[in-house]
Structures are given as structure tokens and as C-alpha cells.
Amino acid sequence: MPRGMYRSRTFRRIFVKVPGNTVKLHYRRRKPSKAKCANCKKLLIGVPHELPLKMKNMPKTAKRPERPYGGMLCSACTRQLLKQKARGG
Amino acid sequence: MALFEVGRLCVKLAGRDAGRKCVVVEQLDPTYVLVDGATRRKKVNIKHLEPLAETIELNSGASHEEVKDVFEKLGLDVFDSKPKQTPPRKKHLKKVKDKTEKKTVKAKPKIEKKDTGVVKEAKGIEEVR
């Protein structure tokens, strides 16, 4: 039976081929959920979802697109919003 | 009154400088337009531009300075690309080590150790006698 910690579902079970020519079961933490657009709830492009430690060491430009509302709104919603602002304002 | 004529003010919708005001400087072809102003001076697809009502007088293919004057008069900010000041590269001289020298140096001490050992013993015997 695995150690108490690994008996919960917060760990993913991964089968790994090890040098001893056998298949071993490894446990890995689950990744946070994918980023979604605040407006249309579609998945955001250019926004990775990694474990906090890995995200922390990533450069800022790797974590979100370099566009106004990058990482918050998808490109279509950004364009729509800016169009409204240009027309309304 | 064409839509994307030279001098038409518009807002860029996509890309890094989305949401910034720019002016059409030159019409390259039906879909592409040269744009300058608060955005970088670049070729842009008209799909990524939202035309505004105002137009300014500008001769086609105007330089960045001309656009800058007109924009400053209108009180709009202008994008100036800062020249890239790369710090002077420290010229670290490659430490040229002769590979050959290294090898011989290593070999020598080994031989010496053996000789001195033998010589010492011989000396010791003579002194004792």
C-alpha cells in the first residue's frame, strides 16, 4: 500500500519505464486548471498552467501574451472591447 | 471620403500596441496600410484598425518627425523607439592554455617521485656505513 500521503487523489498516478526494464508507478501533483477568458470563458492562448514553483521561475513574458488585457481576455474579446471603447468614447 | 485614406486617425485593435491611437501614413495595398503615431511605425492589416471620425492633413509617406509634430499639436502622445544601448561587451580574453604543455607537466612529477625514492635509499645506506 502506498504511503498515506499518496493515497489521496491529489496525486496523479503515472506509469514510468525505469532503467531496471520494469514499469514503476510514480506519483505527481496535479497541475492548476487552464486559464480562461474572463468574458467568453474560452481557453486562453499563450497562458501556461504549471505548478506554482515552475511558474514563479518563468519570465513574465512566458506567462501571458504581451497585449493589453493579455492573460485576462482572449484576443477576440479584447478587439471587441477596444472597438466599443473607440466608438463609444 | 475613403475609409482608410492617408491622414485618417484610427485605433489599433490587435497586437502589442492595441488600444493606441495612430494615423494612416500610406496605403500600401487594399488590405495593408502603413501606420504611425502612438503605435510603432509599421505595416498593419486594416482588419486590425478601427477608423475614427477625425482626419488630419498629412502627405502620403510622411516621415516619423512630421507625424510627431502633428500629433504633438493635437496633444496626442507619440511612440519613440529608444535606440538599443547594448552595454559595451567586456572583451574577456580567452585564456589560451597550450593543451600540449598541460599534458607534459602532469607526466613529469610521476617519474620524479619514483627516482627520488630510490636515490634516497641509496644515500641512506652510504651514510650508515
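Everything that follows concerns the structure shown earlier in this document.
Quick notes on the rules
Residues numbered from 1 in each chain as written. Chains lettered and ligands numbered in written order. Predicted model: local features only at pLDDT ≥ 70, side-chain atom pairs only at ≥ 80, totals over all residues. Heavy atoms only, no water. Patch = residues over 30% accessible without salt bridge, like charges linked within 9 Å, V, L, I, M, F, W, Y side chains within 5 Å. Areas by Shrake-Rupley, 256 points an atom, 1.4 Å probe, with all protein chains shown as cover. Salt bridge = Lys/Arg side-chain N within 4 Å of Asp/Glu carboxyl O. Lys, Arg positive; Asp, Glu negative; His and termini not counted. Charge placed at Lys NZ, Arg CZ, Asp CG, Glu CD. Helix = DSSP H or I, 4+ residues; strand = E, 2+ residues; numbered from the N terminus. Buried < 20%, exposed > 50% of the residue type's maximum accessible area, 1.4 Å probe, protein only. Phe/Tyr/Trp six-rings, centres within 6.5 Å; stacked < 30°, edge-to-face > 60°. Lys NZ or Arg CZ within 6 Å of the ring centre and 35° of its normal. Contact = heavy atoms within 4.5 Å. Buried area = accessible area lost by both parts, 1.4 Å probe. Polar contact = N/O pair within 3.5 Å; in protein donor to acceptor, adjacent residues only side chain to side chain.

Enquirer: Explain a negative patch on the surface to me, using residue names and the numbers behind them.
Expert: Judged by side-chain charge, Glu-65, Glu-66, Asp-69 and Glu-72 of chain B come together as a negatively charged surface patch. By secondary structure assignment, the location of Glu-65 of chain B is in helix α1 (residues 64-74).

Enquirer: Can you explain the pattern of salt bridges? Please cite residues and give values.
Expert: Applying the stated criterion across every chain, the model contains eight salt bridges over all chains. Note that Asp-36 of chain B is salt-bridged to Arg-41 of chain B, the shortest N-O span being 2.8 Å. Judged by its relative accessible area of 37%, Arg-41 of chain B falls in the partly exposed class. The residue Lys-68 of chain B makes a salt bridge to Asp-80 of chain B at a minimum N-O spacing of 3.0 Å. You can see Lys-68 of chain B sitting in helix α1 and its partner Asp-80 of chain B sitting in the loop between α1 and α2 (99-128), a full twelve residues away along the chain. Counted as one network, the salt bridges with shared partners bring together Lys-31, Glu-50 and Lys-54 of chain A.

Enquirer: How would you summarise the packing of aromatic side chains if you had to cite specific residues and measurements?
Expert: One pass over the full model with this rule turns up two aromatic pairs over all chains. Where Tyr-6 of chain A meets Phe-11 of chain A, the ring centres are 4.9 Å apart and the plane angle is 80°; that geometry is what we call edge-to-face. Using a relative accessible area of 23% as the deciding quantity, one classes Tyr-6 of chain A as partly exposed. What links up through ring pairs into an aromatic cluster is the set Tyr-6, Phe-11 and Tyr-27 of chain A. The lysine or arginine in question, Lys-43 of chain B, covers the ring of Tyr-32 of chain B, its NZ or CZ lying 4.5 Å from the ring centre.

Enquirer: For the interface of chain A and chain B, give the residues involved together with the corresponding values.
Expert: At the junction of the two partners, chain A supplies eight residues and chain B supplies ten residues. A combined buried area of about 790 Å² lies between chain A and chain B, and 67% of that area is made up of carbon and sulfur atoms. Remark: the boundary between chain A and chain B carries one salt bridge. Between Glu-50 of chain B and Arg-87 of chain A there is a salt bridge, and its shortest N-O distance comes to 2.9 Å.

Enquirer: Go over the side chain of Lys-12 of chain B with me, naming the residues and quoting the values.
Expert: For Lys-12 of chain B, the location among the structural elements is in strand β1 (residues 8-12). The buried category is assigned to Lys-12 of chain B, whose relative accessible area is 5%. Engagement of the side chain of Lys-12 of chain B in a polar contact is seen with the backbone oxygen of Ala-14 of chain B, the distance being 2.5 Å. Contact partners of Lys-12 of chain B, with chain neighbours within four places excluded, come to Leu-82 of chain A together with Asp-17, Ala-18, Gly-19, Arg-20, Cys-22, Thr-39, Val-44, His-48 and Leu-49 of chain B.

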